[in-house]
4 protein chains.
Amino acid sequence: MSTDHDLGTILPGLEALYRDLHRHPELAFQETRTAATAARRMRALGFDVTEKVGVTGVVAVLRNGAGPTVLLRADMDALPIREETGLPWASRERSTDERGLDSPVMHACGHDVHVTALIGACELLTRRRDAWRGTVVAVFQPGEESGLGARRMLEDGLLERFPEPDILLGQHVSPAPHGTVAHCPGVLLGATDVLTVRLFGRGGHGSRPESAVDPVVMAASLVLRLQTVVSREVSPRESAVVTVGTLSAGTTPGAIPAEAELSVNIRSFAPAVRAKVLAAVERRIQAEAVAAGAPREPEIVPLYRLPVTANHPASTERVIAAHAAEFGPRAVHRTGPQSASEDFGLLAEAAARPSVYWFIGGTAPAVFARAVVAGTVERDVPHNHAPTFAPVPRPALATGVRALATAALVWLGPGTTEPGVP
Amino acid sequence: MSTDHDLGTILPGLEALYRDLHRHPELAFQETRTAATAARRMRALGFDVTEKVGVTGVVAVLRNGAGPTVLLRADMDALPIREETGLPWASRERSTDERGLDSPVMHACGHDVHVTALIGACELLTRRRDAWRGTVVAVFQPGEESGLGARRMLEDGLLERFPEPDILLGQHVSPAPHGTVAHCPGVLLGATDVLTVRLFGRGGHGSRPESAVDPVVMAASLVLRLQTVVSREVSPRESAVVTVGTLSAGTTPGAIPAEAELSVNIRSFAPAVRAKVLAAVERRIQAEAVAAGAPREPEIVPLYRLPVTANHPASTERVIAAHAAEFGPRAVHRTGPQSASEDFGLLAEAAARPSVYWFIGGTAPAVFARAVVAGTVERDVPHNHAPTFAPVPRPALATGVRALATAALVWLGPGTTEPGVP
Amino acid sequence: MSTDHDLGTILPGLEALYRDLHRHPELAFQETRTAATAARRMRALGFDVTEKVGVTGVVAVLRNGAGPTVLLRADMDALPIREETGLPWASRERSTDERGLDSPVMHACGHDVHVTALIGACELLTRRRDAWRGTVVAVFQPGEESGLGARRMLEDGLLERFPEPDILLGQHVSPAPHGTVAHCPGVLLGATDVLTVRLFGRGGHGSRPESAVDPVVMAASLVLRLQTVVSREVSPRESAVVTVGTLSAGTTPGAIPAEAELSVNIRSFAPAVRAKVLAAVERRIQAEAVAAGAPREPEIVPLYRLPVTANHPASTERVIAAHAAEFGPRAVHRTGPQSASEDFGLLAEAAARPSVYWFIGGTAPAVFARAVVAGTVERDVPHNHAPTFAPVPRPALATGVRALATAALVWLGPGTTEPGVP
Amino acid sequence: MSTDHDLGTILPGLEALYRDLHRHPELAFQETRTAATAARRMRALGFDVTEKVGVTGVVAVLRNGAGPTVLLRADMDALPIREETGLPWASRERSTDERGLDSPVMHACGHDVHVTALIGACELLTRRRDAWRGTVVAVFQPGEESGLGARRMLEDGLLERFPEPDILLGQHVSPAPHGTVAHCPGVLLGATDVLTVRLFGRGGHGSRPESAVDPVVMAASLVLRLQTVVSREVSPRESAVVTVGTLSAGTTPGAIPAEAELSVNIRSFAPAVRAKVLAAVERRIQAEAVAAGAPREPEIVPLYRLPVTANHPASTERVIAAHAAEFGPRAVHRTGPQSASEDFGLLAEAAARPSVYWFIGGTAPAVFARAVVAGTVERDVPHNHAPTFAPVPRPALATGVRALATAALVWLGPGTTEPGVP
């Protein structure tokens, strides 16, 4: 697809859109402004738009003759992280999360790139309606970071109320150089389990620890003890990550609080490892309460579970071929499994159709190259979820638009095999 | 002072006032409703009232002829604790603290008893004006729990703008049986230092710990390491307490946060122990950052420091004698130093005058007696700062009113020695 | 008792004896050389000597007419510590302890001073037989450090086979200035409980932690968790110490061992605190095994228990008076309870007779004074059990001989009240 | 190689030899009995034997005409582990290790299988001298577990004093089913670094922690802190293991010791990961001393370093083909990198010749199969270094003899390519 001219035409507008979205990030299920923007833009492109599919989700459908149905998905939500990029378009937004905590908000995971690139790819496809046949279902999903967004859209009839997809496509911006894409035919992203844990102590005056059971000490001991799950119970030939992403206890320095709350984020690839890690985590939580003489057993609530994100190998190879033609063969990388997780897999699982998910680079190649030479990529190239994560807007968007449109055309374009046989 | 009749007359009104204050607790320096109530009541008693002395403080003066000046102090603020008493007059209030966190609020330390008892004692004194000579300065102090309230009132001219006290008196409700008081001629309360500590890591995606420096793990390791200050560096013949009262890090389970914040509350009695503990705490904080390879040194901010609360021995003995006459000798206990702290000592220190501070019991004697017999006082009698702390209103208020008025009359009453020689 | 001349005569010989004992320290129940030396010396003084009372104990009796029976006790055993005093008479001995471990041995607790001073005091008493009436029972006790020595002597008939004492006297060298003594009429030394703990993991190759349960990590976590007993479960107004004195696991760096062994030493003064601490320690040990998924419950064996050492107040005051006459009133100090423990209390408890136990100074006064001025006594004056502990022999022995003989004469001397009424 | 008849003839004698070696294990560089046995048996086979090559090593050479030189290596040393197999031929030996500690000794790693299989393979080759041409160099290496054995033999002229090898072959018994072999063309075993760490505190009496710096607490905190190296600083896509294999502090429960000693065993595959882990370990060690206020910096001594064991891919494929012919194709497995380490790689590195190293199964297939079905291989099949590790002698030896002889004949046998071109 020679998209150069059309892309050049729409890129300035996309960059402006991107900066606007970046400046106004919204937390999971609060993406009303983002959703309204997406809905307006998609309607302007001639799509049939439905809002509030799964709280704040948006589904936009364009029917262009007989042919396969391609579902293109972008996620919309931002993170409760204080932006430290120092960019002119940096976010200064704050919001109240579901726990009632006020927090700064930032598009630290690049979902603003995804939303903009999906709108851009749809615009490209709209401009070239004569070059393809079939149906495009553009899905703007809320709450990916909460792990609940795909689930909410499915519960709200995503697969029943809208054309059934033959293939599902999604992408994620990464700290690799822009102009590159990375694919993995097979398991790409690990499974995630998030547990919310409440440890119950007994509150009291800070000067009288003997009359209290200190949940801060319980939480601290537990966090350290959780480190031994990966260091001692997971084989060096397997992979798992146990991260305590949030920990909070106490409201005043003078009192020992009555409880502590923490969230445990568990990544794994193999079911046996997942089971072993979950059991080991739970064992440590229970034992901590015993050691402390806690008045109540801890409360362990599974917040969400995400399956492994597994790309359909044959479909992935087709997209790889198309991307190699579009970006040049040296710009298409193959990658192994990543420890991150996604709820995109839930959509494919529910649809029982093949899916392909890939990474698009968003970083300045020179910055990346310098860090590679210095061996400091981990340290010097800001990664997703870091407060300094900052894709270079225009080339990152160009990469995303081209990658998504090209992939869609693998199924929609003229040389395509019949619908349903991806 | 035979207060029985007058006390019986005013107690129902005081109990209603108490329930109202208890239902509407206010955090430090937000005590506008409490202050307005106190000011209104004191004006009704004929006191000369000044508001907003030290943000939300109230000073009420009653001049009743030549004689000593007695400063009576009550603190007004509540705590960010969720009340769990289940009482009809339990608080359901929430408030935003100085960190911007929304929190439930509760009079878990009994300052509502103090405010009500001070108003009640002043009413008793007002009704008996002919029985004494001198000046009463009633001080309703804000922000005792923040450690900053006395300081703010002093900075705002408490000792310059109002009659200079010859003696300062204060009291605190405790979980002992109502109808009893406890005195300590000498050092009663320890010194407190509160530090706010920020640990800086490097944020990142929860699945990629190798690219981050995890401040949650740093905080956990620090909390455990801080336990060794008391267990290993303080002599068993000395006393200190190191409590981490608040710990908070992270806003989303999926990300490793960039920093963690905690508050360290240090109690001590001896200057050498205090110095050793502070040094040991700071050493551990710094070492934690080194161990973790943190990108920045931790930030350690002293939030406040309270001196030892030392009662003037001779004045204390005079109050003890008066209380023994009022409550009966078996109801007056002598107690040793307590590990809690107060900013009442700052007032006495600044005035360079003697002071006496005592405890009044607030618990039902039968409840207390049962727990003593069972050896479960620590566990079964709710202490100050516990979410279940619940003095029995009427007898607790009676104890407080009688104790305060009787003590004031030691200086103001007919048999009193000359002013300035307490 | 004007002992100056006689003392001067015997001191050079005592110093030679002391240096010899110091050079040849022996571990608990291995004190054969020390016992043989003591027996020989006591026989030479005319005492009736019995050896092997309680494994290696020695009892020497001198009857000198009708009068009270005074039991004087010295302990004989040394410690498995590598001496670092650099003195000419430093120990280079090694020995195999009861666990089969080869170890350096040192008189780091000063029992060599005790043995020598007891022999010296008996020599003084022998030289002055005409000045007193009664019976002296000199007890050279083995295994004080093991906590089992007094018990073994009692089991072997100490109180049945030898004259029943009217009073029991003992003393311990301390880092105070020589020429001084310190007394405490009442509880002097705390109770001690020593537990031996075995943690069971599952051994394996060091590169395959997932197939093992690592007892080294269990032990480490337990040691840290034990710090929270004192820091969180003991009131700042009470006292306790929890020390892990030994920890050992693993024999080769390449393997994860199957178990770890550690000893927990618990000091306390109050029965309620002791019970709470013991329960808290045991709870943590059990919880650690649960957290780790250990294949077997830990094994907790009480190694020994020592009661509180409580001085008989009236008898102590009599010794204080005598010591004040002997050393001058400024050289006699009163001290509060110490956290150390002794099995001397077992003897008094079994005899059901009063006992007095005191400290004698052994350090150069100038060294001590400098450290007091600098506030560095804890750091710069070597204490008992430190590898640099080094009393100054001659003046330390003089202090010990005078203190013991003078105290014995309180009961044996001419002005004494009748036997049995100490 | 149809070895069936010859093997059957020699197996009973080999089993007797194995049981004898198993009953008499010897620690690193103490393998005098094992070496003497090997030397005697090899001389009986007609080899030219040299003893004491690298302390206790043995080199046996058989020249059989012109042809390649094949070095076959077996390691001889046992481990300080108490055998818990309960077998009739279990070890009851004890020995004193290089630290002077007396310990039980066990062939827990199967080096007795290696020695016996090497002797058996040489006997087979000797019986079939007419079927091959070339030189066999049988190396019985000491001290593999200490990491120093290969180094000592090289320093003692292994490559200069004996025929230079064209290929180096070695094998290790594993818990897989006997009759099977496992190969890995490429990196098979990780690199190992072993550090000995001494933490310096300040000794003192167990009841006076405030006068000491407790190295037991330092060691415990360090062990827990070391768990965070793998859990937080190693990517889930990389591999490393940090094991504290030995930890020892203190000799008496009553004293706080002056120091603690531990060994840290670090496994890694990639140089960048190794460097990161070593730096992270050292940072934690240093920080621990800072946190504790230690009087001296810790002492970190690298005990030994082993390189990665990398199999020569082409040579490995040749051995795989030969083993497939010998054992059947389903008995030959391909395996990925293992986290264990070996000093066999040092020999190949020094010789600058290709090498092949493989695993032979030693467990009863039924036992293994049951555990596989139950998913309990890690738990129920005893692995190397476990006190219950117990290969089934006769079939394990048969597997080892056949695998080694067959592999040697790849180079020595009739169809072999010319020497030097493996």
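The rules behind the values
- Residues numbered from 1 in each chain as written.
- Chains lettered and ligands numbered in written order.
- Predicted model: local features only at pLDDT ≥ 70, side-chain atom pairs only at ≥ 80, totals over all residues.
- Heavy atoms only, no water.
- Pairing = 2+ DSSP bridges.
- Helix = DSSP H or I, 4+ residues; strand = E, 2+ residues; numbered from the N terminus.
- Axes fitted to C-alpha atoms, helices over the stretch in contact; angles between N-to-C directions.
- Least-squares fit on C-alpha atoms with pLDDT ≥ 70 in both.
- Contact = heavy atoms within 4.5 Å.
- UniProt positions renumbered as here; feature names shortened; annotations may be inferred.
- Polar contact = N/O pair within 3.5 Å; in protein donor to acceptor, adjacent residues only side chain to side chain.
- Parallel < 35°, antiparallel > 145°, perpendicular 65-115°, else oblique.
- Left-handed = near helix turned anticlockwise from the far one by under 90°.
- Domains from an automatic or database assignment.
- Buried area = accessible area lost by both parts, 1.4 Å probe.
- Salt bridge = Lys/Arg side-chain N within 4 Å of Asp/Glu carboxyl O.
- Buried < 20%, exposed > 50% of the residue type's maximum accessible area, 1.4 Å probe, protein only.
- Nonpolar A, V, L, I, M, F, W, Y, C, P; charged D, E, K, R; others polar.

Turning next to the sheet that holds strand E15 (residues 299-306) of chain A. What links the strands of a sheet is backbone hydrogen bonding, and the strands pair in either a parallel or an antiparallel sense. Strands sit in the order E15(A)-E10(A)-E14(A)-E12(A)-E12(B)-E14(B)-E10(B)-E15(B) across an open sheet of eight strands; the sheet is antiparallel. Looking at which strands have only one partner, the edges of the open sheet turn out to be E15 of chain A together with strand E15 (299-306) of chain B. The mean angle between the axes of side-by-side strands here comes to 25°, regardless of whether they run parallel or antiparallel. Here strand E10 (residues 191-200) of chain A pairs with E15 of chain A via seven bridges, running antiparallel.

So, on to the relation of the copies chain C and chain B. A rotation about an axis combined with a shift along that same axis relates the two copies of the chain. You can overlay chain C on chain B at an RMSD of 0.1 Å; the transform is a turn of 180° with a shift of 0.0 Å along its axis. Both chain copies can therefore be described as sitting about a two-fold axis. A shared interface surface links the copies, since 100% of the contact residues of chain C are contact residues in chain B too.

Time to look at the UniProt feature "binding site: Mn(2+)" (unreviewed entry) in chain A. All names here are of chain A. Under the UniProt annotation, the feature "binding site: Mn(2+)" (unreviewed entry) is placed at Cys109, His111, Glu145, His172 and His385. Spatial clustering of the annotated residues is evident: they stretch over 277 residues in sequence, but the largest pairwise C-alpha distance comes to 12.9 Å. The contacts of histidine 172, once residues within four sequence positions are left out, are Cys109, His111, His114, Glu342, Tyr357, Trp358, Phe359, Ile360 and Asn384. When you line up the elements, histidine 385 lands in the loop between helix H11 (377-380) and helix H12 (393-412). There is a polar contact of 3.3 Å between the side chain of histidine 385 and the side chain of glutamate 145.

Residues and elements named next belong to chain C. Helix H7 (residues 271-292) packs onto helix H6 (residues 215-233) with a crossing angle of 150° between their chain directions and a minimal axis gap of 9 Å. Judged by the angle between their axes, H6 and H7 are roughly antiparallel. The chirality of how H6 crosses H7 is right-handed. Side by side, H6 and H7 meet where Met218, Ser221, Leu222, Arg225, Leu226, Thr228, Val229 and Glu233 of the first sit next to Lys276, Val277, Ala280, Val281, Arg283, Arg284, Ile285, Glu288, Ala289 and Ala292 of the second.

Our focus in this paragraph is the sheet that holds strand E3 (residues 69-75) of chain A. Residues and elements named next belong to chain A. Read from one edge of the open sheet, eight strands run E1-E2-E6-E3-E7-E18-E8-E17, paired in mixed fashion. Edge positions in the sheet fall to strand E1 (48-50) and strand E17 (332-334), since each has one partner strand and no second. Between one strand axis and the next, the sheet turns through 25° on average, direction left out of account. Bridging between E3 and strand E6 (residues 134-141) involves seven bridges; their strand directions are parallel.

Residue and element names in this part refer to chain A. Under the domain assignment, chain A is made up of domain 1 (4-189 + 308-412) and domain 2 (191-305). Placing a centre on the C-alpha atoms of domain 1 and another on those of domain 2 gives a separation of 34 Å. Facing 15 residues of domain 1, the contacting portion of domain 2 comprises nine residues. Here domain 1 packs against domain 2, burying approximately 860 Å² in sum over the two surfaces, 56% of which is carbon and sulfur. Joining domain 1 to domain 2, the criterion identifies zero salt bridges. Joining domain 1 to domain 2, the criterion identifies three residue pairs in polar contact (both at pLDDT 80 or more). Sorting elements by how many residues they give to the side of domain 1 that touches domain 2 places strand E9 (residues 187-189) first, with three residues.

This part covers the pairing of strand E10 (residues 191-200) of chain C. Residue and element names in this part refer to chain C. Burial analysis of E10 places nine of its 10 residues in the buried class, the great majority of the element. Examined bridge by bridge, E10 and strand E14 (residues 259-268) share 10 bridges and lie antiparallel to one another. Bridged to threonine 196 within E14 is serine 263.

Our focus in this paragraph is the packing of helix H8 (residues 313-327) of chain B against helix H12 (residues 393-412) of chain B. All names here are of chain B. Direction vectors running N to C along H8 and H12 enclose 125°, while the axes themselves pass 9 Å from each other. When the axes of H8 and H12 are compared, the pair comes out oblique. Taken as a pair, H8 and H12 cross one another with a handedness that is right-handed. Residue-level inspection shows Ser315, Arg318, Val319, Ala322, His323, Glu326 and Phe327 of H8 in contact with H12, the latter providing Thr399, Arg402, Ala403, Thr406, Ala407, Val410 and Trp411. Here the contact of H8 with H12 is built from residues that sort into seven nonpolar, four polar and three charged.

Turning our attention to the relation of the copies chain B and chain A. Each copy superposes on the other: chain B lies on chain A with an RMSD of 0.1 Å after a rotation of 180° and an axial shift of 0.1 Å. Most of the interface of chain B is mirrored in chain A, where 100% of its interface residues again form contacts.

Looking now at the interface of chain C and chain B. At the interface, 16 residues of chain C touch 16 residues of chain B. Between chain C and chain B the total buried area reaches about 1,500 Å² when both faces are included, carbon and sulfur atoms providing 51% of it. On the surface where chain C and chain B come into contact, there are zero salt bridges. On inspection of chain C and its partner chain B, the count reaches 10 residue pairs in polar contact (both at pLDDT 80 or more). Contributing elements (two or more residues each) for the side of chain C that touches chain B: H6 and strand E12 (240-249) of chain C. Among the elements that make up the side of chain C that touches chain B, the one with the highest residue count is H6 of chain C (six residues). Across the side of chain C that touches chain B, the residue classes break down as seven nonpolar, seven polar and two charged.

We now examine the pairing of strand E14 (residues 259-268) of chain B. Residues and elements named next belong to chain B. Taking burial as the measure, the 10 residues of E14 include eight buried ones, the bulk of the element. Bridging between strand E12 (residues 240-249) and E14 involves nine bridges; their strand directions are antiparallel. By the bridge assignment for E14, alanine 249 is matched with alanine 260.

Residues and elements named next belong to chain A. Note on placement: aspartate 166 falls in the loop between helix H5 (158-161) and strand E7 (167-177). Aspartate 166 gets classed as buried once you look at its relative accessible area, which sits at 15%. A C-alpha to C-alpha distance of 20 Å links aspartate 166 and glutamate 155, two positions 11 residues apart in sequence. Looking at aspartate 166, its side chain comes within polar contact range of the main-chain nitrogen of threonine 69, at 2.7 Å.

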